[in-house]
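The primary structure of each chain is shown beneath.
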Amino acid sequence: MPLAYPPFKSCPCGSGRSYGHCCGPLHAGQAAATPEALMRSRYAAYALCDSAYVQRTWHPDTRPAALDLRDGTRYLGLRVHGAQGDEVTFTAQLRLPDGERYALRERSRFTQLGGRWVYVDGDTPDA
């Protein structure tokens, strides 16, 4: 079950908007308008331990059978470097369960299924 998050608080995705006007509606079922919006909403879902949303927005050919987000990882911030076409490049700042800070940089690929954006896969771009 995802963590409760007040709609008036700043969205975990770092957009500067409230959760109720940013990722909240997507988590409630609204379709993301762009790959970047979907990527931001997936980051927020990771931060809120909403594995059901992450699974729903993952392409069925590449998503894992199960996903447990309650391992103690804390999501500290998101920076979007660029979004073009069906790709979004970002860095997510994390604190791992052992306390180590980690920066995950990824170039994510998205596609549309049934008129909705879904995450396909991602790779680590060259520095």
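Here, every reference points to the structure presented above.
From a predicted model like this one, the values you see are computed outputs, not experimental measurements.

**Regarding the environment of T91**
And step 1. Within the element layout of this structure, T91 appears in strand β2 (residues 87-95).
And step 2. For the pair T91 and R79, spaced 12 residues apart in sequence, the C-alpha to C-alpha distance is 5.2 Å.
And step 3. Beyond its immediate sequence surroundings of up to four residues, T91 is in contact with G77, L78, R79, H81, A103, L104 and R105.
And step 4. Among the polar contacts listed, one links the side chain of T91 to the side chain of H81, at a separation of 2.6 Å.

**Some points on the side chain of S41**
And step 1. Tracing the sequence through the fold places S41 in helix α2 (residues 35-47).
And step 2. Of the polar contacts made by the side chain of S41, one reaches the side chain of Y53; its length is 2.6 Å.
And step 3. The contact partners of S41, leaving out residues within four places of it in the chain, are C23, L26, H27 and Y53.

**Description of the environment of L69**
And step 1. Among the secondary structure elements, L69 is positioned in the loop between α3 (51-56) and β1 (74-84).
And step 2. The exposure class assigned to L69 is buried, which follows from its relative accessible area of 8%.
And step 3. Distance in space between the C-alpha atoms of L69 and C49 is 5.2 Å, their sequence separation being 20 residues.
And step 4. For L69, the contacting residues outside a window of four places in its chain are A45, Y46, C49, D50, S51 and V54.

Parameters at a glance
Residues numbered from 1 in each chain as written. Predicted model: local features only at pLDDT ≥ 70, side-chain atom pairs only at ≥ 80, totals over all residues. Heavy atoms only, no water. Helix = DSSP H or I, 4+ residues; strand = E, 2+ residues; numbered from the N terminus. Contact = heavy atoms within 4.5 Å. Polar contact = N/O pair within 3.5 Å; in protein donor to acceptor, adjacent residues only side chain to side chain. Buried < 20%, exposed > 50% of the residue type's maximum accessible area, 1.4 Å probe, protein only.

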